[in-house]
Amino acid sequence: MIGVSFEAFVVFFLVAGLLIVVGLWFFYDLRDKSYYDRQRSLRAHHCVRCGALYANRSETEVARCPKCGFENASLRF
Ligand SMILES: [Zn+2]
């Protein structure tokens, strides 16, 4: 029989469970942070020529309309 006490066995499973919970916490926190950063980088545009609403991920304020090709500035709220 392996000489492991009951207290060491309980402590091992408590620490293992705690490490799993903390690991999942950090994993989902980082995943959600990257998801919301991507969502926040979207810019909304309204085409003044054809009236289309579209979104763009580029860093510039101006984006070309996918329907008519006219360049529009991003909307500001
Ligand atoms: Zn357009």
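Since the structure is predicted, the reported quantities are computational estimates derived from the model, not experimental observations.

**Structural notes on the coordination of the zinc ion**
Thinking step 1. Ligation of the zinc ion by protein atoms is provided by Cys47 (SG), Cys50 (SG), Cys65 (SG) and Cys68 (SG), these donors lying 2.3 Å from the ion.
Thinking step 2. Mapping the donors of the zinc ion onto the primary sequence yields the spacing C-x2-C-x14-C-x2-C.
Thinking step 3. For cysteine 50, a relative accessible area of 40% gives the class partly exposed.

**Here's the deal with the domain arrangement of the chain**
Thinking step 1. As far as domains go, the chain holds domain 1 (1–40) and domain 2 (43–77).
Thinking step 2. Once you take the C-alpha centre of each, domain 1 and domain 2 turn out to be 44 Å apart.

**Overview of the side chain of histidine 45**
Thinking step 1. Along the polypeptide, histidine 45 turns up in strand S1 (residues 43–46).
Thinking step 2. Within the structure, histidine 45 has its side chain in polar contact with the backbone oxygen of asparagine 72 (distance 3.4 Å).
Thinking step 3. Setting aside residues up to four positions removed in sequence, histidine 45 forms contacts with Ala52, Leu53, Tyr54, Asn56, Glu61, Val62, Ala63, Asn72, Ala73, Ser74 and Leu75.

**Let's talk about the packing of aromatic side chains**
Thinking step 1. Enumeration over the complete set of coordinates arrives at five aromatic pairs.
Thinking step 2. Measuring from centroid to centroid gives 6.3 Å for tryptophan 25 and phenylalanine 26, while their planes differ by 25°, and the two rings are stacked. Across this residue pair, the class does not change: tryptophan 25 and phenylalanine 26 are exposed.
Thinking step 3. Centroid distance tyrosine 35 to tyrosine 36: 5.2 Å. Interplanar angle 70°. Geometry classified as edge-to-face.
Thinking step 4. Following the ring pairs from residue to residue traces out a cluster consisting of Phe9, Phe12 and Phe13.

**Thoughts on the nonpolar core**
Thinking step 1. Listed in full, the five residues of the largest apolar core are Cys47, Ala52, Tyr54, Ala63 and Cys65.
Thinking step 2. Those residues in contact with cysteine 47 that sit more than four places away from it in its chain are Ala52, Tyr54, Cys65, Cys68, Phe70 and Asn72.

Rules of the game
Residues numbered from 1 in each chain as written. Predicted model: local features only at pLDDT ≥ 70, side-chain atom pairs only at ≥ 80, totals over all residues. Heavy atoms only, no water. Donors = N, O, S within 2.8 Å, 3.2 Å for Na, K, Ca; no water. Buried < 20%, exposed > 50% of the residue type's maximum accessible area, 1.4 Å probe, protein only. Domains from an automatic or database assignment. Helix = DSSP H or I, 4+ residues; strand = E, 2+ residues; numbered from the N terminus. Polar contact = N/O pair within 3.5 Å; in protein donor to acceptor, adjacent residues only side chain to side chain. Contact = heavy atoms within 4.5 Å. Phe/Tyr/Trp six-rings, centres within 6.5 Å; stacked < 30°, edge-to-face > 60°. Core = buried A, V, L, I, M, F, W, Y, C linked by side-chain atoms within 4.5 Å.

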